[in-house]
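Descriptive structure summary
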Amino acid sequence: MPCSTAFAAEDGPECFSQYTKTNVCDYARSAQAAVAPTLPMKASANLTIVSVAVAGPRLVYVAAMSSSAAEAEATAAARGITMQNWAAQVEDYTRNSVCSMEALAAFVGLGGEVQYFYKGADGRVLFSPLVGRNDCLKRR
């Protein structure tokens with residue numbers, strides 16, 4: 001699964017698992033290379049994963065929502081919740097999704113991170129949950 005050793009020579013200490021010394025940045029690059037050709041990918045009727053990038057030991061996904069920020073705020077109000085409450089729900093959903101996928105949970109367990117940017121149809125980032133090692137450890 002690891003990528004080119006040219007990258008490994010340039011990777012900083014944040015790329016290496018504290019206990020196993022595994023280069024998690026290599027794993028992030030490999031995962032990104034495997035997922036990118038499959039995008040865009042419809043996740044639901046209202047959500048499409050449009051891109052994936054790597055930032056050190058972090059996989060960064062961008063997901064496009066079908067509603068604008070104003071429409072999302074109106075939806076939250078109609079449901080009787082605040083955007084902060086909705087953000088907490090999205091964080092829980094994202095954490096549960098990442099930690100229940102064996103490969104992503106293993107990546108996060110080694111010290112990698114997974115972040116999603118949920119963007120409204122108007123381009124505004126509505127939610128940006130980050131899943132790190134401690135998040136998946138809590139589920140065990």
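Residues numbered from 1 in each chain as written. Predicted model: local features only at pLDDT ≥ 70, side-chain atom pairs only at ≥ 80, totals over all residues. Heavy atoms only, no water.

**Describing the confidence of the model for the protein**
Convention followed: For every residue, the predictor reports its confidence as pLDDT, a number between 0 and 100. By definition, residues are in contact when any of their heavy atoms lie within 4.5 Å.
Looking at the protein as a whole, the pLDDT averages 90, with 91% of positions reaching at least 70. The low-confidence segment residues 1–5, where pLDDT is below 50, has 9 contacts with residues more than four positions distant or belonging to other chains.

**Considerations on the nonpolar core**
Quick note on the threshold: Only buried residues count toward a nonpolar core. Its members are Ala, Val, Leu, Ile, Met, Phe, Trp, Tyr and Cys residues joined through side-chain atoms within 4.5 Å. Buried, partly exposed and exposed residues are distinguished by accessible area as a fraction of the type maximum, computed with a 1.4 Å probe on protein chains only: under 20%, between the cut-offs, and over 50%, respectively. Under the scheme used here, helices are H or I runs from DSSP no shorter than 4 residues and strands are E runs no shorter than 2 residues, and both carry numbers assigned from the N terminus.
Grouped together as the largest cluster of nonpolar side chains are 29 residues, with contacts concentrated most on Leu59, Val114, Tyr118 and Phe127. Secondary-structure elements contributing two or more residues to this core are α2 (24–35), β2 (47–55), β3 (58–65), α3 (69–79), α4 (83–100), α5 (102–109), β4 (113–119) and β5 (125–127). Here the element with the most residues in this core is α4; it accounts for 5 residues. The residues contacting Val114, other than those within four sequence positions of it, are Leu59, Tyr61, Val98, Leu104, Phe107, Val108, Pro129, Leu130 and Val131.

**Description of the pairing of β4**
Keep this limit in mind: By definition, two strands form a pair when at least two bridges between them are found by DSSP.
Pairing of β3 with β4 involves 7 bridges; the strand directions are parallel. If you follow Val62 over to β4, its bridge partner there is Phe117. Inspection of the sheet shows β4 paired to strand β6 (residues 130–131) by 2 bridges, in the antiparallel sense. Across the sheet, the residue bridging to Gln115 is Leu130, located in β6.

**Remarks on the packing of aromatic side chains**
Quick note on the threshold: Note on aromatic pairs: the rings of Phe, Tyr and Trp (six-membered ring only in Trp) are paired at centre separations within 6.5 Å, and the planes decide the class, stacked below 30 degrees, edge-to-face beyond 60, tilted for the rest.
Applying the stated criterion to the full structure yields 4 aromatic pairs. Three or more aromatic residues joined by ring pairs make a cluster, and in this case those are Tyr61, Trp86, Tyr116, Tyr118 and Phe127.

**Here's the deal with the state of the cysteines**
Quick reminder of the rule: For this text, the term disulfide refers to a pair of cysteine sulfurs within 2.5 Å.
Across all of its chains, the model carries 2 disulfides by this definition. At a sulfur-sulfur separation of 1.9 Å, the disulfide partner of Cys15 is Cys25. Across the S-S bond linking Cys15 and Cys25, the dihedral sits near -80 degrees, which makes this disulfide left-handed. Of this pair, Cys15 sits in the loop between α1 (5–10) and α2 while Cys25 sits in helix α2, and the two are 10 residues apart along the sequence. On the basis of relative accessible area, Cys15 is assigned to the buried category, the value being 2%. Since its relative accessible area comes to 0%, Cys25 is described here as buried. The disulfide partner of Cys99 is Cys136, and the gap between their sulfur atoms is 2.0 Å.

**Observations regarding the pattern of salt bridges**
Operational definition: What makes a salt bridge here is a side-chain nitrogen of Lys or Arg within 4 Å of a carboxyl oxygen of Asp or Glu, nothing more.
According to the stated counting rule, one finds 5 salt bridges in the structure shown. Arg29 is the partner of Asp11 in a salt bridge, and the nearest nitrogen-oxygen pair spans 2.8 Å. Of this pair, Asp11 sits in the loop between α1 and α2 while Arg29 sits in helix α2, and the two are 18 residues apart along the sequence. The partner of Asp26 in a salt bridge is Arg29, with the nearest N and O atoms 2.6 Å apart. With Asp26 and Arg29 both in helix α2 and 3 residues apart, this pair spans about one turn of that helix. Judged by relative accessible area, Arg29 falls into the buried class, the value being 14%. What you see here is one network of salt bridges that share partners, running through Asp11, Asp26 and Arg29.

**Let's talk about the pairing of strand β1 (residues 41–44)**
Bridge analysis of β1 against β2 gives 3 bridges, and the strand direction is antiparallel. Across the sheet, the residue bridging to Met41 is Ile49, located in β2. Remark: 2 residues form the turn of the hairpin made by β1 and β2, two consecutive strands paired antiparallel.

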